[in-house]
Every structure is written in structure tokens, then in C-alpha cells.
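# Residue-level structural notes
Spelled out from the first residue to the last, the chains are:
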There are 2 protein chains.
Amino acid sequence: MDIPKELRDSGLKATLPRVRILQLFQDGQHKHMSADEVYLLLHREPSDIGLATVYRVLMQLVDARILVRNQFESPVAVFELNQGGLHDHLVCTSCGQLEEFCDDALEHRQEEVARKLGFALREHSLSLYGTCVRCASEAGPSPKIRRS
Amino acid sequence: MDIPKELRDSGLKATLPRVRILQLFQDGQHKHMSADEVYLLLHREPSDIGLATVYRVLMQLVDARILVRNQFESPVAVFELNQGGLHDHLVCTSCGQLEEFCDDALEHRQEEVARKLGFALREHSLSLYGTCVRCASEAGPSPKIRRS
DNA sequence: CTGAGTGCAAACTTTTTGCAGCATG
DNA sequence: CATGCTGCAAAAAGTTTGCACTCAG
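Every value quoted in this text rests on a predicted model; they were computed, and no experiment measured them. (Residues numbered from 1 in each chain as written. Chains lettered and ligands numbered in written order. Predicted model: local features only at pLDDT ≥ 70, side-chain atom pairs only at ≥ 80, totals over all residues. Heavy atoms only, no water.)

## Let's talk about the domain arrangement of chain A
Residue and element names in this part refer to chain A. Partitioning chain A into domains gives domain 1 (1-83) and domain 2 (85-141). Spacing between the C-alpha centres of domain 1 and domain 2 amounts to 24 Å. Opposite the 7 residues of domain 1 that make contact, domain 2 presents 7 residues. Its largest share of buried area at the contact with domain 2, domain 1 owes to His32, Phe72 and Gln83, together 59% of the area lost on that side. (Domains from an automatic or database assignment. Contact = heavy atoms within 4.5 Å. Buried area = accessible area lost by both parts, 1.4 Å probe.)

So, in C-alpha cells, the structure goes:
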């Protein structure tokens, strides 16, 4: 899809930082990125886009519903394309591998629980933490995630 | 339960900061607290417990499985007593009201999904966001949560 | 008594903001 | 060419750490 157009359709000027950042997400190389990771990727080739701009652009893209912000366990926010559905995550606590999934039964049951408690459900965030096959089979996988 | 004993059973000396902090949680007045809230509550009566100590104690209590750390939408970590089960949350995005629940069907289904994707599930974090009855009925409820 | 624990202040990390200049539409 | 956007640097906000002193066991 034409990125400048997509931006303009959302009421944003198609400036270089915005185009480059959105491109990073659409390239699909890295589906989940923190502001910092975006900044580093941008600067793999010379660029003078500032970190503050990265934060501003990410926020605008979230407001424009182009991206979604996730706040897994750590205090760093992580962004990804808003692909409707697919907002649930399964994180390997050994290697950090991240799987996405969308399960209708789960979504359904959540609706039900919320209704039972008198809430109108608007959003949800479900993250499962465990060990992926690869790490489970290895003897002592080095924990890259957090010390907690 | 005897708080000093509970601490010693976990291998922690029963020091004043630890006792007072754990007391705050067991009093049940505030089930969910950030480090900052704990610090403020402690200082409602004169006290020289430092914020750094609050953070250290909270971390130790989490390590000791007495507390659980939650990272809802915002970047602030929120702590609560580890009551086994009951780890899911329903947050009203208008007034901030927080309901806890535990739904076997959901837990079960999560296990299943994880297994299907080849993961050994260890933990999960589910947060539902919506509008509670009270806020839904009011005209324009003031959003106290965050602007995102 | 003695090491674990503490208070304070300073460092760190992540994110936000103020402002003067730049570039898009 | 006007305003929205940007880069930089500085400030916030949340959390962690270094160090000398204190207190629980």
C-alpha cells in the first residue's frame, strides 16, 4: 500500500520520519518494536531522525489506529501494526520469542465475563508467558527476559 | 496472620519497613498499589521510610511470592497480594474502578491455546478494559485513566 | 556483634515537552 | 508561504544503585 497516502488519509503529513517508521513496520522484518528499537533501526543507515520524533510519530500512528501499543511485562511500550484480531500474545520467557494468536472462544468468554460483572467490554490485553518447545528441550536456556 | 512471622518464613528479616508495607496490603484498604502510593500511605503518619526502600521491599515481597506485580496499561507497576487464582483484572477506563475475577473456562482455554502453539504455559496476564455500569449510565464521565 | 537492611542522593531508563528552525501541501 | 513537523536538549516520571550507617537476630 502507498504509505504517504495511508498517512494523508489519516490526516498526517507524509513527512520523512513518518514514512520511514511506518515502512519499518510494514516491511514485516520486526513485527514488535519499542521506540528505541525503531530509533536504532532508522539509524542503521545515516539519518537525523531524533528519538523524540520517533516517540511522537509512534503516538500519532497509534492515535490513527495504524499501530497498536502493547505493554508486556516490562516498562517499555512495544508497538505493532494494527491488524485487527490477532491482539493476543504468547511470550517465551527463556528466549523472548513472541507468537501472536487470536482465539474466538477466548474472546467470547471474555465478553461474557465482562458482562456478568456489569462492564461494557471495549478492549482486552492477554499475554501468556511460558516456555517454547525449543527452550523446553534445551538444558539450561539463558534467561534473556527479566530478573524479577 | 502474624506478619513478622510470615516475613521470617520467607527468609526476610522482620524490619519495620517490611512489616508496615505488608500490613498496608493485608489491611485490604487498597488492594492495588504502585510503589508511589505505598510510599504516600506510609507517610500519612510520620515515617522515614525512603522510596528506594519501598521499591526494594516490594521487589522482595514479589520474589517471596507474597505479592504479585502487575503492569496494566500504564508504565507504572502495580502490586497486590498474591491470592492465587484471582489474577485477572477488569478495569473501567472511565473511573479506574478495578474488578478482579477468575474464570476457569478462560484459564482452561488459555492452556489449550498455548499447548497448540507448542508452549508450556507458566503464567498469564489478562486485563479487560471497558466501562462499568456506573460510568455507562452517566453522561460524560471524566476520564481519569490516561490519554494514550 | 555482624551482616542484612536502610535512607539518602545520585544515576539510569523510558518518555514527554519547549522552542527555534525547516519542509510539506 | 503558513502551519504543522522536526531536532535538539532539557525535563519528567518511574525505578535502580552506591555508600555509609543502623538494627534485627
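## Remarks on the protein's contact with DNA strand D
Residues in close proximity to DNA strand D total 21 residues, the closest being Thr15, Arg18, Ile49 and Thr53 of chain A together with Tyr55 of chain B. Taking all atoms of DNA strand D within 4 Å of the protein, the share assigned to sugar and phosphate is 72%. Ile49 of chain A places a polar main-chain atom, nitrogen or oxygen, 3.3 Å from a phosphate oxygen of DNA strand D. Contact distances for DNA strand D include 2.6 Å between a phosphate oxygen and a side-chain N or O atom of Tyr55 of chain B. (Near = heavy atom within 4 Å. Polar contact = N/O pair within 3.5 Å; in protein donor to acceptor, adjacent residues only side chain to side chain.)

## Thoughts on the environment of Phe25 of chain B
All names here are of chain B. Relative to the assigned elements, Phe25 resides in helix α2 (residues 16-27). You can call Phe25 buried: its relative accessible area is 3%. Between the C-alpha atom of Phe25 and that of Gly85, which follows or precedes it by 60 residues, the distance is 17 Å. Once residues within four sequence positions are removed from consideration, Phe25 is found in contact with Lys31, Met33, Val38, Leu58, Leu67, Phe79, Glu80 and Leu81. (Helix = DSSP H or I, 4+ residues; strand = E, 2+ residues; numbered from the N terminus. Buried < 20%, exposed > 50% of the residue type's maximum accessible area, 1.4 Å probe, protein only.)

## Remarks on the pairing of strand β4 (residues 88-92) of chain A
Along any regular strand the residues' side chains alternate between the sheet's two faces. All names here are of chain A. Counting buried residues along β4, 5 of its 5 residues qualify, which places the element largely inside the surrounding structure. Side-chain alternation along β4 places Asp88, Leu90 and Cys92 on one buried face and His89 and Val91 on a second face that is also buried. Taken together, β4 and the strand that follows it, strand β5 (residues 98-101), pair antiparallel across an intervening segment of 5 residues, in which Gly96 is found at a positive phi of about 85 degrees. As judged from the 4 bridges shared by β4 and strand β6 (residues 119-132), these two strands associate in the parallel manner. (Pairing = 2+ DSSP bridges.)

## Details of helix α4 (residues 51-63) of chain B
All names here are of chain B. Taking 1.5 Å per residue, 13 residues should reach 18 Å; α4 reaches 18 Å between its end C-alpha atoms and fits that length. Within α4, the full set of buried residues consists of Val54, Val57, Leu58, Leu61 and Val62. The buried side chains of α4 occupy one side of the element, clustering within an arc of 140 degrees when seen end-on. Buried residues along α4 sit against α1 (3-9), α2, α3 (35-42), β2 (67-70) and β3 (78-81). Phi for Arg65, located one or two positions after α4, is positive at around 65 degrees. (Expected span 1.5 Å × (residues − 1). Arc of directions from axis to C-beta.)

## Observations concerning the sheet that holds strand β3 (residues 78-81) of chain A
All names here are of chain A. Read from one edge of the open sheet, 3 strands run β1-β3-β2, paired in antiparallel fashion. Edge positions in the sheet fall to β1 (33-34) and β2 (67-70), since each of these pairs with one other strand and no more. Set on the sheet, helix α2 (residues 16-27) makes contact with β1, β2 and β3; between it and β3 the angle comes to about 70 degrees. The strands that helix α4 (residues 51-63) touches are β2 and β3; relative to β2, the one it contacts most, it runs at about 110 degrees. (Axes fitted to C-alpha atoms, helices over the stretch in contact; angles between N-to-C directions.)

## Describing the packing of α3 of chain B against α4 of chain B
Residue and element names in this part refer to chain B. Remark: α3 packs on α4, axes separated minimally by 9 Å, with the N-to-C direction vectors making an angle of 120 degrees. One element, α3, and the other, α4, form an angle in the oblique class. When the axes of α3 and α4 are compared, the crossing they make is right-handed. Where α3 approaches α4, its residues Ala35, Asp36, Val38, Tyr39 and Leu42 are matched on the opposing element by Leu51, Val54, Tyr55 and Leu58. In terms of residue class, the contact of α3 with α4 is made up of 8 nonpolar, no polar and 1 charged. (Parallel < 35°, antiparallel > 145°, perpendicular 65-115°, else oblique. Left-handed = near helix turned anticlockwise from the far one by under 90°. Nonpolar A, V, L, I, M, F, W, Y, C, P; charged D, E, K, R; others polar.)

## Re the relation of the copies chain A and chain B
When chain A is brought onto chain B, the operation consists of a screw motion whose angular component is 180 degrees and whose axial shift is 0.0 Å, with 0.1 Å RMSD remaining. The operation mapping one copy onto its partner corresponds to a two-fold rotation axis. The rotation axis passes nearest to the C-alpha of Leu126 of chain A in chain A, at a distance of 2.2 Å. Mapped onto chain B, 100% of the interface residues of chain A are again interface residues, and the two copies thus contact each other with one and the same surface. (Least-squares fit on C-alpha atoms with pLDDT ≥ 70 in both.)

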